[in-house]
Amino acid sequence: MTDAPSPASGAPLRLFNSLTRTLEEFRPVHAQEARVYSCGPTVYNYPHIGNMRAYVFADTLGRTLSFKGYRLTHVINITDVGHLTDDADAGEDKLEKAAAEKAQSIWDIARHYTEAYWADVKALNIRGPMKAGKPEAAHWSIATDYVPQMIEFAKAIADKHCYELDSGLYFDTSTVADYGRLARHATDEGESRIDPVEGKRHPADFAIWRKTPPGETRQMEWDSPWGRGAPGWHLECSVMSEALLGFPFDIHTGGIDHREIHHPNEIAQNQAHSCSADSGARIWMHNNFLVERSGKMSKSAGEFLRLQLLIDKGYHPLAYRLMCLQAHYRSELEFSWEGLGAALTRLKRMVMGIEKLRSATGGEVSPTTLTQAKVIQGSFDEAVSDDLSIPKALPLMEQVIEAKRLPASLRLHLVDEMDKVLGLELLSLKRTDLRIRPKTATITEAEIEAILARRKEARAAKDFPASDALRDELIAAGVEVMDGDPLGWDWRLEP
Ligand code: AMP
Ligand code: ZN
């Protein structure tokens, strides 16, 4: 019972496939293996917390596959070329634009934001040890490392599936079966798609290669049979997923917006390249959006919601991970500071419960307790296997922490096993790590503790005016004193 269930013995893993819009049992292409590709960030700006929801989801999927006993290969790409400001082939390259605005080299921009993304990945415990400064969950593939392969891929499909215009090489979407099936486009004009490129045969046709306009130079450009220029954005994912995972691979993930344009275009390219109707991946999975009312999710609106803002306001980043886990990945999740605070409190309760378990003694592991533990473990396995129903799995983990009939050592072991899927670091987080510590606070924790110690002495000596004065001193410094708080906060710095 200590081992993760093997794929043969655990509950069958069922995942929602966006291609068929049904739950399907996961059957790996290669026995005992799972190969996953997740569309990664475009590194022209900091990721917002909505983007990070997509990677918490991809990480939860990866963790679940490992928990179920599959050997996981997970690729996440870093888009440092080709993504235009408009998904319909209009506008400028996002990275070229950021580099021009900031008067910096495009390579410096890409490196800076890739590292910022990895910092968020690490803070959210998205899996993998740091190796050479980057997290290794997953294999991170950088688009500009694959340009020669992209050109080869484009050459292979150009004759049968593409046509050339002055602005570049375009994919003719009418040359593949069922274009847009993933998006459920009724026709290729079904979407309110704009057609900003002159000469395109169908509105949905998209760039495979974008030529640098005459008289201009781009910071990132390469020679190709269609002139000097840069690859279209969709090409990189087809090329890197095939190169690193082989077609067909098991699961392709991304945010729900990718179900409309980016992934149908990847599928069209994959079909063209493999000369078949095969979409390249068996299962396509999409996380729903994190939404926020005030528009702070927009990267163009000054201060936007990035993970560092939550940290600066004093919230532990794993409270945000828990906030994501509390909603099913296919449901929209509304962000609010109150919601984040509630997730933090829930995490704190878990951590305090575990601290108590550590100091508990006694209780023998017996056949009866093992049977009871197996029942809870089985329910946990069923929940995560049911299309990653983490909102149902979380209370089972909380039930284990509180299950007085089970010996503490067994409960700690079960929590450890379950946390391999949840990724909340439950056995290493401390209650004090979860204190709200806003960046703007000038008072240090040592100073707060010293004032509280003096206040305790004053109260013991029944010197209430002195005790009140010390409390006022703390309030003036933004510290809320929480005597006797059932959650053991002791005190809290106002966020
Ligand atoms: P981008 O860097 O814009 O390519 O986006 C990175 C990932 O975040 C993609 O998988 C998007 O689909 C996803 N994404 C974008 N906005 C949100 C959001 N508000 N909530 C959840 N996922 C998002
Ligand atoms: Zn992609």
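Because the structure is a prediction, the values reported are computed rather than measured. (Residues numbered from 1 in each chain as written. Chains lettered and ligands numbered in written order. Predicted model: local features only at pLDDT ≥ 70, side-chain atom pairs only at ≥ 80, totals over all residues. Heavy atoms only, no water.)

A.B. asks: Sorry if this is basic, but what is going on with the coordination of the zinc ion (ligand 2) here?
C.D. replies: Around the zinc ion (ligand 2), the donor atoms from the protein are Cys39 (SG), Cys237 (SG) and His262 (NE2), and they sit 2.1 to 2.2 Å away. Under the relative-accessibility criterion, His262 is labelled buried at 1%. (Donors = N, O, S within 2.8 Å, 3.2 Å for Na, K, Ca; no water. Buried < 20%, exposed > 50% of the residue type's maximum accessible area, 1.4 Å probe, protein only.)

A.B. asks: Before we go on, may I ask you to explain the packing of helix H11 (residues 390–402) against helix H12 (residues 408–422) in this structure?
C.D. replies: Where H11 meets H12, the axes come as close as 9 Å, and the angle between the chain directions of the two elements is 160°. Relative to H12, the element H11 is oriented roughly antiparallel. Crossing of H11 over H12 shows left-handed handedness. On H12, the residues touching Ile390, Leu394, Leu396, Met397, Val400, Ile401 and Glu402 of H11 are Arg411, Leu414, Val415, Met418, Val421 and Leu422. The residue inventory of the contact of H11 with H12, partitioned by class, reads eleven nonpolar, no polar and two charged. (Axes fitted to C-alpha atoms, helices over the stretch in contact; angles between N-to-C directions. Helix = DSSP H or I, 4+ residues; strand = E, 2+ residues; numbered from the N terminus. Parallel < 35°, antiparallel > 145°, perpendicular 65-115°, else oblique. Left-handed = near helix turned anticlockwise from the far one by under 90°. Contact = heavy atoms within 4.5 Å. Nonpolar A, V, L, I, M, F, W, Y, C, P; charged D, E, K, R; others polar.)

A.B. asks: I keep staring at the site of ligand 1 and nothing clicks. Help me out?
C.D. replies: Gly50, Tyr55, Gly255, Asp257 and Leu290 are the nearest of the 18 residues found near ligand 1. A distance of 3.0 Å is found between an oxygen atom of ligand 1 and a backbone nitrogen or oxygen belonging to Thr42. Take Gly255: an N or O atom from its main chain is 3.0 Å from an oxygen atom of ligand 1. Protein chains bury 92% of the 490 Å² of accessible surface belonging to ligand 1 in isolation. Of all the secondary structure elements, the ones that give two or more residues to the shell around ligand 1 are helix H1 (49–67) and strand S12 (249–255). With four residues, the single largest contributor to the shell around ligand 1 is H1. Tallied by class, residues from the shell around ligand 1 come to six nonpolar, eleven polar and one charged. (Near = heavy atom within 4 Å. Polar contact = N/O pair within 3.5 Å; in protein donor to acceptor, adjacent residues only side chain to side chain. Areas by Shrake-Rupley, 256 points an atom, 1.4 Å probe, with all protein chains shown as cover.)

A.B. asks: How should I be thinking about the packing of helix H4 (residues 147–161) against helix H6 (residues 262–274) in this particular structure?
C.D. replies: Each packed pair of helices is defined by two parameters, the angle between the axes and the distance between the axes. One can describe the packing of H4 onto H6 by two numbers: an axis separation of 9 Å at closest approach and a directional angle of 85°. With respect to H6, the axis of H4 lies roughly perpendicular. From H4, Phe153, Ala156, Ile157 and His161 reach across to H6, where they touch Gln269, Ala272 and His273. Per-class residue counts for the contact of H4 with H6 are four nonpolar, three polar and no charged.

A.B. asks: Is there a simple way to think about the packing of aromatic side chains in this case?
C.D. replies: Given two aromatic rings, one states the distance between the centres and the angle between the planes to describe the pair. Tallying each qualifying case throughout the model produces twelve aromatic pairs. Consider the rings of Tyr37 and Phe249, whose centres lie 6.5 Å apart with planes at 55°: the pair is tilted. Of this pair, Tyr37 sits in strand S3 (residues 33–38) while Phe249 sits in strand S12, and the two are 212 residues apart along the sequence. A relative accessible area of 1% means that Phe249 is categorised as buried. Centre to centre, the rings of Phe171 and Phe206 are 5.1 Å apart; their planes meet at 10°, and the pair counts as stacked. (Phe/Tyr/Trp six-rings, centres within 6.5 Å; stacked < 30°, edge-to-face > 60°.)

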